[in-house]
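One letter stands for each residue in the lines below.
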Amino acid sequence: MRFGRIAHPEGMAFVVIEGDDELVAREISSTPFTEPEFTGKEWKLDDVKLLAPMLPSKIVALGRNYADHVAEVFKESAESLPPTLFLKPPTAITGPGAPIKIPDFATRVEFEGELALVISRPCKNLKAEQWKDVTLGFTIINDVSSRDLQFSDGQWARAKGIDTFAPLGPWIETDVDKFDLSDHPIKAYLTHDGETNIKQDSSTGQMINTVGQILEKITASMTLLPGDVVCTGSPAGTEEMVPGDFIEIEIPGLGKLGNPVERA
């Protein structure tokens with residue numbers, strides 16, 4: 001099942017998105033955390049605006065979870081710089097098609113296409129093998145990062161927490177078993193000066209910590225709540241974006257998450 005959130009002529013709603021070629025959004029009366037009850041209202045997806053599928057209390061991310069990305073950004077090995085947890089504020093979230101807005105004080109901003117999961121129920125002190133029990137589904141996140149601020153500040157809150165620096169979507173896929181996490185593709189395409197090139201071309205098989213290990217690590221320290229978003233790390237291939245560019249992240253089974261880049 002695909003859960004989304006839309007803006008429609010009468011307001012906003014959570015929906016179930018159905019179909020293959022022509023997608024239809026069917027409104028539900030509550031949230032994705034209960035058995036969906038349909039209101040009878042539905043729209044062609046092309047006739048409404050897709051929003052970020054969830055508004056979490058927090059976004060928790062595992063940085064440096066791909067060895068090749070550690071080498072390209074930090075110029076060190078993953079052994080010397082192991083994975084680390086950090087937070088992005090919920091105010092960083094923006095939806096599919098919405099602009100990523102770069103402020104003047106962020107002078108080198110890069111995309112990071114990542115697989116993310118959405119939490120279904122409160123969890124603390126989780127064991128790795130229990131991860132499916134607390135996962136509503138997968139989605140795509142672009143962990144936009146200002147490299148200049150990341151290195152000058154020494155910690156990552158400002159560099160990764162700027163408004164619009166967490167594009168999320170296009171929806172949440174609840175059938176997690178359809179994803180082969182031992183080798184599931186992640187791609188990113190950057191359009192610059194009218195030319196589109198693939199930049200990230202990797203897979204979840206390159207992750208250092210598995211999804212279960214990530215949740216075990218996080219919940220040892222903090223409680224995750226329904227709707228919280230967990231980012232699993234970025235593969236190599238990240239590159240600078242500038243106003244006028246367009247960045248699109250693609251993960252099979254989740255579709256594509258595309259956003260223009262603008263000056264704030």
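In the nomenclature of an unreviewed UniProt entry, the chain is known as Fumarylacetoacetate hydrolase family protein of Corynebacterium propinquum. The heading Sequence similarities (unreviewed entry) in the UniProt record of the chain holds the text "Belongs to the FAH family."

Turning next to the nonpolar core. Counting residues in each nonpolar core, the largest one holds 41 residues, and the members touching the most others are I119, F138, L215, L224, V230, M241 and I247. At the level of elements, β6 (59-63), β9 (100-102), β11 (113-119), β12 (135-142), β15 (185-192), α4 (211-219), β19 (246-251) and β20 (255-263) are the ones that each hand at least two residues to this core. Contacts of F138, omitting those with residues within four sequence positions, involve L115, A116, L117, W131, W171, I172, E173, V176, F179, L181 and L254.

Right, let's get into the sheet that holds β9. If you trace the five strands from one edge of the open sheet to the other, you get β9-β20-β19-β15-β16, paired in mixed fashion. Looking at strand neighbours, the two that pair on one side only are β9 and β16 (195-203), the edges of this open sheet. In this sheet, neighbouring strand axes are inclined to one another by 20 degrees on average, regardless of whether the strands run parallel or antiparallel. In the sheet, β15 pairs with β19 via five bridges, with the strands oriented antiparallel.

According to the stated counting rule, one finds one cavity of 30 Å³ or more in the structure shown. Reported here for the largest cavity is a volume of approximately 80 Å³. Along the wall of the largest cavity there are 15 residues; nearest its centre are G63, R64, H69, E112 and K160. Mapped onto the lining of the largest cavity, the elements with two or more residues apiece are β6, α1 (67-74) and α2 (147-153).

Moving on to the sheet that holds strand β13 (residues 145-146). As summarised here, the arrangement of the three strands in space is β13-β10-β18, forming an open sheet in which the pairing is antiparallel. A single partner strand is all that each edge strand has here, and the edge strands are β13 and β18 (240-241). As defined by bridge partners, strand β10 (residues 109-110) adjoins β13 across two bridges and the pair is classed as antiparallel. Pairing of V109 across the sheet is with S146, part of β13.

Relative to strand β2 (residues 11-18), strand β1 (residues 2-8) runs antiparallel, the two sharing six bridges. Bridge assignment links I6 to a residue of β2, and that residue is A13. The loop that links β1 with its antiparallel partner β2 comprises two residues. In the sheet, β2 pairs with strand β3 (residues 24-28) via four bridges, with the strands oriented antiparallel. Its bridge partner being in β3, V16 is matched across the sheet by R26. Here β2 hands over to β3 after five residues, with G19 in that stretch at a positive phi of 105 degrees.

What counts, and at which threshold
Residues numbered from 1 in each chain as written. Predicted model: local features only at pLDDT ≥ 70, side-chain atom pairs only at ≥ 80, totals over all residues. Heavy atoms only, no water. UniProt positions renumbered as here; feature names shortened; annotations may be inferred. Core = buried A, V, L, I, M, F, W, Y, C linked by side-chain atoms within 4.5 Å. Buried < 20%, exposed > 50% of the residue type's maximum accessible area, 1.4 Å probe, protein only. Helix = DSSP H or I, 4+ residues; strand = E, 2+ residues; numbered from the N terminus. Contact = heavy atoms within 4.5 Å. Pairing = 2+ DSSP bridges. Axes fitted to C-alpha atoms, helices over the stretch in contact; angles between N-to-C directions. 1 Å grid on protein atoms, 1.4 Å probe; cavity = no way out; pocket = protein on both sides within 12 Å on 5 of 7 lines; lining within 4 Å. Points joined across faces, edges and corners; volume = space filled by probe spheres on them.

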